[in-house]
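The lines below spell out each chain.
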Amino acid sequence: MVEFFKTIDGRITEINEFSEGCWVNMVHPSSDELAQIAKAAEVEEEFVRAALDPEESSRVDMEDEQLLMIVDIPMVEKSSVEDGGQLFSTIPMGIVVAKSAVITVCLEDSIILRSIAEGAVKGVHTALRTRFVFQILLRIAGRFLKNLRMIERDFTRIEKRLYDSLKNEELIQLLGLSKSLVYFSSSLKGNEVTMEKVLRGRVLKLYEDDRDILEDALIEVRQAIEMASIYSNIMAGTMDAYASVVSNNLNIIMKVLTILTIIMTIPNIVFGFFGMNIGEGRIPGDWVWWMPLAITVVGCFFAWYMLKKKNLD
(Lines give C-alpha, C1' and ligand atoms only; values in the text may rest on other atoms or scores of the structure.)
Protein backbone atom coordinates (compact mmCIF):
# COMPACT_ATOMS: atom_id res chain seq x y z
CA MET A 1 0.00 0.00 0.00
CA VAL A 2 1.28 3.45 -0.94
CA GLU A 3 -0.25 6.71 0.29
CA PHE A 4 0.67 10.30 -0.48
CA PHE A 5 0.14 13.16 1.98
CA LYS A 6 0.93 16.85 1.85
CA THR A 7 0.34 19.82 4.10
CA ILE A 8 -2.14 22.13 2.37
CA ASP A 9 -3.44 25.27 4.11
CA GLY A 10 -1.94 24.13 7.41
CA ARG A 11 -3.65 20.73 7.33
CA ILE A 12 -2.24 17.41 6.24
CA THR A 13 -4.19 16.16 3.25
CA GLU A 14 -4.08 12.95 1.23
CA ILE A 15 -3.21 13.48 -2.43
CA ASN A 16 -3.39 11.16 -5.41
CA GLU A 17 0.19 11.17 -6.64
CA PHE A 18 3.76 12.03 -5.81
CA SER A 19 4.62 15.72 -5.69
CA GLU A 20 7.39 17.87 -4.30
CA GLY A 21 7.23 18.39 -0.55
CA CYS A 22 4.94 15.43 0.07
CA TRP A 23 5.12 12.51 2.48
CA VAL A 24 4.99 9.00 1.03
CA ASN A 25 3.75 6.33 3.43
CA MET A 26 4.44 2.78 2.26
CA VAL A 27 3.06 -0.26 4.11
CA HIS A 28 4.36 -3.64 2.97
CA PRO A 29 4.88 -2.37 -0.59
CA SER A 30 5.34 -4.60 -3.62
CA SER A 31 8.48 -4.61 -5.76
CA ASP A 32 6.74 -2.52 -8.43
CA GLU A 33 5.68 0.09 -5.86
CA LEU A 34 9.20 0.27 -4.47
CA ALA A 35 10.67 0.82 -7.91
CA GLN A 36 8.04 3.41 -8.77
CA ILE A 37 8.58 5.50 -5.64
CA ALA A 38 12.36 5.20 -5.82
CA LYS A 39 12.28 6.55 -9.35
CA ALA A 40 9.85 9.36 -8.54
CA ALA A 41 11.77 10.50 -5.45
CA GLU A 42 15.18 9.92 -7.07
CA VAL A 43 16.50 7.72 -4.28
CA GLU A 44 18.26 4.40 -4.20
CA GLU A 45 15.81 1.51 -4.25
CA GLU A 46 17.89 -0.27 -1.59
CA PHE A 47 17.22 2.64 0.77
CA VAL A 48 13.49 2.16 0.36
CA ARG A 49 13.73 -1.61 0.61
CA ALA A 50 15.98 -1.76 3.70
CA ALA A 51 13.21 -1.54 6.34
CA LEU A 52 11.36 -4.53 4.87
CA ASP A 53 13.84 -6.85 6.58
CA PRO A 54 12.27 -7.65 9.99
CA GLU A 55 15.74 -8.30 11.45
CA GLU A 56 17.12 -4.90 10.42
CA SER A 57 18.63 -2.98 13.32
CA SER A 58 18.35 0.73 14.03
CA ARG A 59 20.93 2.73 12.07
CA VAL A 60 21.61 5.81 9.95
CA ASP A 61 23.01 5.70 6.44
CA MET A 62 23.73 8.57 4.08
CA GLU A 63 24.66 8.61 0.42
CA ASP A 64 24.90 11.75 -1.70
CA GLU A 65 21.90 13.83 -0.63
CA GLN A 66 19.83 10.86 0.51
CA LEU A 67 19.40 9.91 4.15
CA LEU A 68 18.15 6.57 5.43
CA MET A 69 17.15 6.29 9.07
CA ILE A 70 15.88 2.98 10.43
CA VAL A 71 14.24 2.99 13.85
CA ASP A 72 12.27 0.35 15.75
CA ILE A 73 8.64 1.05 16.55
CA PRO A 74 6.42 -0.76 19.10
CA MET A 75 3.62 -3.01 17.94
CA VAL A 76 0.89 -4.98 19.73
CA GLU A 77 0.85 -8.63 18.77
CA LYS A 78 -2.43 -9.88 17.31
CA SER A 79 -2.19 -13.05 19.42
CA SER A 80 -2.57 -11.35 22.80
CA VAL A 81 -2.38 -13.19 26.08
CA GLU A 82 -5.71 -14.10 27.66
CA ASP A 83 -7.43 -12.18 30.45
CA GLY A 84 -6.42 -8.72 29.30
CA GLY A 85 -2.68 -9.23 28.96
CA GLN A 86 -1.03 -8.17 25.71
CA LEU A 87 2.18 -9.22 24.07
CA PHE A 88 4.27 -6.44 22.54
CA SER A 89 7.06 -6.53 19.99
CA THR A 90 9.00 -4.15 17.76
CA ILE A 91 9.50 -3.91 14.00
CA PRO A 92 11.84 -1.71 11.96
CA MET A 93 10.55 1.36 10.13
CA GLY A 94 12.56 3.16 7.49
CA ILE A 95 12.55 6.94 7.07
CA VAL A 96 14.10 8.11 3.81
CA VAL A 97 14.76 11.82 3.44
CA ALA A 98 14.99 12.57 -0.29
CA LYS A 99 15.57 15.87 -2.08
CA SER A 100 11.90 16.65 -2.41
CA ALA A 101 10.01 14.27 -0.11
CA VAL A 102 10.02 12.13 3.00
CA ILE A 103 9.32 8.42 2.58
CA THR A 104 8.35 6.04 5.39
CA VAL A 105 8.44 2.29 4.84
CA CYS A 106 7.16 -0.37 7.23
CA LEU A 107 5.96 -3.96 7.10
CA GLU A 108 2.77 -3.16 9.04
CA ASP A 109 0.46 -0.21 9.35
CA SER A 110 1.42 1.69 12.49
CA ILE A 111 -0.85 3.75 14.72
CA ILE A 112 2.02 6.24 14.98
CA LEU A 113 1.97 7.16 11.30
CA ARG A 114 -1.79 6.68 11.08
CA SER A 115 -2.38 9.35 13.72
CA ILE A 116 -0.19 11.77 11.76
CA ALA A 117 -2.01 10.97 8.52
CA GLU A 118 -5.37 11.56 10.17
CA GLY A 119 -4.33 15.00 11.41
CA ALA A 120 -4.11 14.11 15.10
CA VAL A 121 -0.68 15.75 15.35
CA LYS A 122 -0.63 19.53 15.12
CA GLY A 123 2.03 21.59 13.40
CA VAL A 124 2.96 19.00 10.79
CA HIS A 125 4.47 20.41 7.60
CA THR A 126 5.59 17.76 5.16
CA ALA A 127 7.65 20.29 3.18
CA LEU A 128 9.84 20.90 6.26
CA ARG A 129 11.52 17.56 5.95
CA THR A 130 13.86 17.73 8.95
CA ARG A 131 11.15 18.90 11.35
CA PHE A 132 8.71 16.34 10.02
CA VAL A 133 11.21 13.50 10.57
CA PHE A 134 11.85 14.66 14.14
CA GLN A 135 8.10 14.84 14.80
CA ILE A 136 7.84 11.21 13.72
CA LEU A 137 10.67 10.29 16.10
CA LEU A 138 8.94 12.13 18.92
CA ARG A 139 5.71 10.22 18.28
CA ILE A 140 7.63 6.93 18.28
CA ALA A 141 9.19 7.73 21.66
CA GLY A 142 5.78 8.68 23.04
CA ARG A 143 4.27 5.41 21.81
CA PHE A 144 6.99 3.44 23.59
CA LEU A 145 6.15 5.24 26.84
CA LYS A 146 2.43 4.60 26.39
CA ASN A 147 2.96 0.89 25.74
CA LEU A 148 5.23 0.63 28.77
CA ARG A 149 2.43 2.05 30.91
CA MET A 150 0.09 -0.55 29.41
CA ILE A 151 2.58 -3.26 30.39
CA GLU A 152 2.69 -1.84 33.92
CA ARG A 153 -1.12 -1.95 34.18
CA ASP A 154 -1.23 -5.53 32.89
CA PHE A 155 1.49 -6.50 35.37
CA THR A 156 -0.43 -4.97 38.28
CA ARG A 157 -3.61 -6.81 37.28
CA ILE A 158 -1.80 -10.13 36.96
CA GLU A 159 0.06 -9.63 40.25
CA LYS A 160 -3.24 -9.35 42.17
CA ARG A 161 -4.20 -12.85 41.02
CA LEU A 162 -0.72 -14.31 41.17
CA TYR A 163 -0.26 -15.27 44.81
CA ASP A 164 -3.71 -16.86 45.18
CA SER A 165 -3.26 -19.17 42.20
CA LEU A 166 -1.24 -22.35 41.71
CA LYS A 167 -1.92 -22.44 37.97
CA ASN A 168 0.58 -21.65 35.24
CA GLU A 169 -1.62 -19.10 33.47
CA GLU A 170 -0.41 -16.06 35.41
CA LEU A 171 3.21 -17.16 35.12
CA ILE A 172 2.88 -17.50 31.34
CA GLN A 173 1.41 -14.01 31.15
CA LEU A 174 4.33 -12.60 33.14
CA LEU A 175 6.77 -14.35 30.83
CA GLY A 176 5.03 -12.70 27.87
CA LEU A 177 5.33 -9.26 29.45
CA SER A 178 8.96 -9.92 30.37
CA LYS A 179 9.64 -10.86 26.75
CA SER A 180 8.01 -7.62 25.59
CA LEU A 181 10.27 -5.61 27.92
CA VAL A 182 13.34 -7.30 26.47
CA TYR A 183 12.25 -6.30 22.96
CA PHE A 184 11.57 -2.76 24.10
CA SER A 185 14.89 -2.35 25.91
CA SER A 186 16.90 -3.58 22.94
CA SER A 187 15.01 -1.40 20.43
CA LEU A 188 15.09 1.71 22.62
CA LYS A 189 18.84 1.50 23.07
CA GLY A 190 19.28 1.21 19.30
CA ASN A 191 16.98 4.18 18.72
CA GLU A 192 18.90 6.21 21.31
CA VAL A 193 22.19 5.66 19.47
CA THR A 194 20.57 6.60 16.16
CA MET A 195 19.04 9.80 17.53
CA GLU A 196 22.30 10.81 19.18
CA LYS A 197 24.06 10.40 15.85
CA VAL A 198 21.49 12.61 14.14
CA LEU A 199 21.68 15.16 16.96
CA ARG A 200 25.36 15.76 16.23
CA GLY A 201 24.25 17.38 12.96
CA ARG A 202 26.58 15.46 10.71
CA VAL A 203 23.98 13.47 8.81
CA LEU A 204 21.13 15.98 8.70
CA LYS A 205 21.13 19.75 8.83
CA LEU A 206 19.65 20.92 12.14
CA TYR A 207 17.72 24.10 12.81
CA GLU A 208 17.26 25.42 16.34
CA ASP A 209 13.54 24.61 16.59
CA ASP A 210 14.10 21.22 15.02
CA ARG A 211 16.89 20.46 17.48
CA ASP A 212 14.46 21.05 20.37
CA ILE A 213 12.06 18.48 18.95
CA LEU A 214 14.81 15.88 18.56
CA GLU A 215 16.10 16.58 22.07
CA ASP A 216 12.58 16.07 23.45
CA ALA A 217 12.36 12.77 21.59
CA LEU A 218 15.74 11.71 22.94
CA ILE A 219 14.69 12.57 26.50
CA GLU A 220 11.56 10.42 26.15
CA VAL A 221 13.58 7.55 24.72
CA ARG A 222 15.95 7.65 27.69
CA GLN A 223 13.00 7.82 30.05
CA ALA A 224 11.49 4.78 28.33
CA ILE A 225 14.80 2.89 28.68
CA GLU A 226 14.80 3.61 32.42
CA MET A 227 11.17 2.56 32.79
CA ALA A 228 11.78 -0.69 30.91
CA SER A 229 14.75 -1.46 33.16
CA ILE A 230 12.75 -0.77 36.34
CA TYR A 231 9.78 -2.86 35.19
CA SER A 232 12.10 -5.73 34.23
CA ASN A 233 13.70 -5.75 37.69
CA ILE A 234 10.32 -5.60 39.44
CA MET A 235 8.95 -8.39 37.27
CA ALA A 236 12.00 -10.58 37.88
CA GLY A 237 11.63 -10.07 41.64
CA THR A 238 7.94 -10.88 41.48
CA MET A 239 8.53 -14.10 39.56
CA ASP A 240 11.15 -15.17 42.13
CA ALA A 241 8.71 -14.43 44.94
CA TYR A 242 6.01 -16.38 43.11
CA ALA A 243 8.34 -19.39 42.83
CA SER A 244 8.98 -19.20 46.59
CA VAL A 245 5.24 -19.00 47.33
CA VAL A 246 4.52 -22.02 45.14
CA SER A 247 7.29 -24.00 46.83
CA ASN A 248 6.00 -23.02 50.30
CA ASN A 249 2.43 -23.98 49.41
CA LEU A 250 3.65 -27.34 48.15
CA ASN A 251 5.51 -27.94 51.42
CA ILE A 252 2.35 -27.13 53.41
CA ILE A 253 0.29 -29.55 51.32
CA MET A 254 2.88 -32.31 51.71
CA LYS A 255 2.98 -31.75 55.48
CA VAL A 256 -0.81 -32.07 55.76
CA LEU A 257 -0.83 -35.24 53.67
CA THR A 258 1.95 -36.73 55.78
CA ILE A 259 0.06 -36.00 59.03
CA LEU A 260 -3.11 -37.57 57.64
CA THR A 261 -1.14 -40.63 56.52
CA ILE A 262 0.37 -41.07 60.01
CA ILE A 263 -2.98 -40.74 61.76
CA MET A 264 -4.80 -43.06 59.32
CA THR A 265 -2.10 -45.70 59.77
CA ILE A 266 -3.17 -46.29 63.37
CA PRO A 267 -6.65 -47.70 62.51
CA ASN A 268 -5.06 -49.97 59.90
CA ILE A 269 -2.65 -51.39 62.49
CA VAL A 270 -5.32 -51.92 65.17
CA PHE A 271 -7.98 -53.44 62.95
CA GLY A 272 -5.35 -55.47 61.12
CA PHE A 273 -4.18 -56.97 64.40
CA PHE A 274 -7.68 -57.85 65.62
CA GLY A 275 -8.58 -59.13 62.17
CA MET A 276 -5.99 -61.90 62.35
CA ASN A 277 -7.05 -65.47 62.99
CA ILE A 278 -7.06 -65.54 66.79
CA GLY A 279 -8.78 -68.47 68.38
CA GLU A 280 -11.77 -69.20 66.19
CA GLY A 281 -11.22 -66.08 64.12
CA ARG A 282 -13.05 -63.88 66.59
CA ILE A 283 -12.01 -61.26 69.09
CA PRO A 284 -11.64 -62.90 72.52
CA GLY A 285 -14.82 -62.15 74.30
CA ASP A 286 -17.72 -61.03 72.14
CA TRP A 287 -18.67 -58.43 74.71
CA VAL A 288 -15.47 -56.42 74.05
CA TRP A 289 -16.28 -55.80 70.37
CA TRP A 290 -15.79 -52.09 71.06
CA MET A 291 -12.15 -52.60 72.13
CA PRO A 292 -10.55 -52.09 68.63
CA LEU A 293 -12.63 -48.97 68.12
CA ALA A 294 -11.62 -47.56 71.51
CA ILE A 295 -7.94 -48.33 70.92
CA THR A 296 -8.16 -46.67 67.51
CA VAL A 297 -9.74 -43.49 68.90
CA VAL A 298 -7.22 -43.25 71.72
CA GLY A 299 -4.32 -43.93 69.37
CA CYS A 300 -5.44 -41.31 66.85
CA PHE A 301 -5.97 -38.73 69.58
CA PHE A 302 -2.55 -39.48 71.09
CA ALA A 303 -0.88 -39.19 67.68
CA TRP A 304 -2.65 -35.87 67.01
CA TYR A 305 -1.65 -34.56 70.45
CA MET A 306 2.01 -35.46 69.95
CA LEU A 307 2.08 -33.84 66.50
CA LYS A 308 0.43 -30.70 67.86
CA LYS A 309 2.91 -30.60 70.73
CA LYS A 310 5.74 -30.66 68.17
CA ASN A 311 3.97 -27.88 66.12
CA LEU A 312 3.63 -30.23 63.17
CA ASP A 313 -0.13 -30.02 62.71
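Preceding block: the structure.
The structure reproduced in this document is the subject of the present report. Being a predicted model, the structure only gives us computed values, none of them experimental. (Residues numbered from 1 in each chain as written. Predicted model: local features only at pLDDT ≥ 70, side-chain atom pairs only at ≥ 80, totals over all residues. Heavy atoms only, no water.)

## Some words on the overall build of the chain
In terms of helices and strands, the chain carries 7 helices and 7 strands. Traced from its N-terminal end to its C-terminal end, the chain shows the element sequence β-β-β-α-α-β-β-β-β-α-α-α-α-α. In the chain, which comprises 313 residues, the proportion classed as buried is 43%. Counting only contacts in the chain whose residues sit at least 6 apart along the sequence, the fraction spanning at least 24 positions is 63%. Counting only carbon and sulfur atoms, one obtains 55% of the accessible surface of the chain, whose full area is about 17500 Å². (Helix = DSSP H or I, 4+ residues; strand = E, 2+ residues; numbered from the N terminus. Buried < 20%, exposed > 50% of the residue type's maximum accessible area, 1.4 Å probe, protein only. Contact = heavy atoms within 4.5 Å. Areas by Shrake-Rupley, 256 points an atom, 1.4 Å probe, with all protein chains shown as cover.)

## Overview of the packing of aromatic side chains
Given two aromatic rings, their pairing is described by the distance between the two centres and the angle made by the two planes. Counted under the stated rule, the structure contains 4 aromatic pairs. Three or more aromatic residues joined by ring pairs form one cluster here, namely Phe5, Trp23 and Phe132. (Phe/Tyr/Trp six-rings, centres within 6.5 Å; stacked < 30°, edge-to-face > 60°.)

## Description of the side chain of Ser115
Within the secondary structure layout, Ser115 lies in helix α3 (residues 111-117). When near neighbours in sequence (up to four residues on either side) are disregarded, Ser115 contacts Ala120, Val121 and Arg139.

## Considering helix α1 (residues 31-41)
Every buried residue of α1 is accounted for by Leu34, Ile37, Ala38 and Ala41. When α1 is viewed along its axis, its buried side chains cluster within an angular range of 100° and face the same direction. Opposite the packed face of α1, turned more than 90 degrees from it, sit the exposed residues Asp32, Gln36 and Lys39. (Arc of directions from axis to C-beta.)

## Looking at helix α5 (residues 169-199)
Its 31 residues place the ends of α5 45 Å apart at the C-alpha level, agreeing with the 45 Å of an ideal helix rising 1.5 Å per residue. In the stretch just after α5, Gly201 is the one whose phi turns positive, near 85°. (Expected span 1.5 Å × (residues − 1).)

## Digging into the pattern of salt bridges
Counting across every chain of the model gives 8 salt bridges. Note that Arg114 and Asp109 form a salt bridge whose closest N and O atoms lie 3.1 Å from each other. (Salt bridge = Lys/Arg side-chain N within 4 Å of Asp/Glu carboxyl O.)

## Considering the pairing of strand β2 (residues 11-15)
Here strand β1 (residues 2-8) runs beside β2; their pairing, made up of 5 bridges, is antiparallel. Looking across to β2, one finds that Lys6 is bridged to Thr13. Here β1 hands over to β2 after 2 residues, with Asp9 in that stretch at a positive phi of 55°. (Pairing = 2+ DSSP bridges.)

## A closer look at the side chain of Asn147
Along the chain, Asn147 turns up in helix α4 (residues 129-162). Not counting residues up to four positions away in its chain, the partners in contact with Asn147 are Pro74, Phe88 and Phe184.

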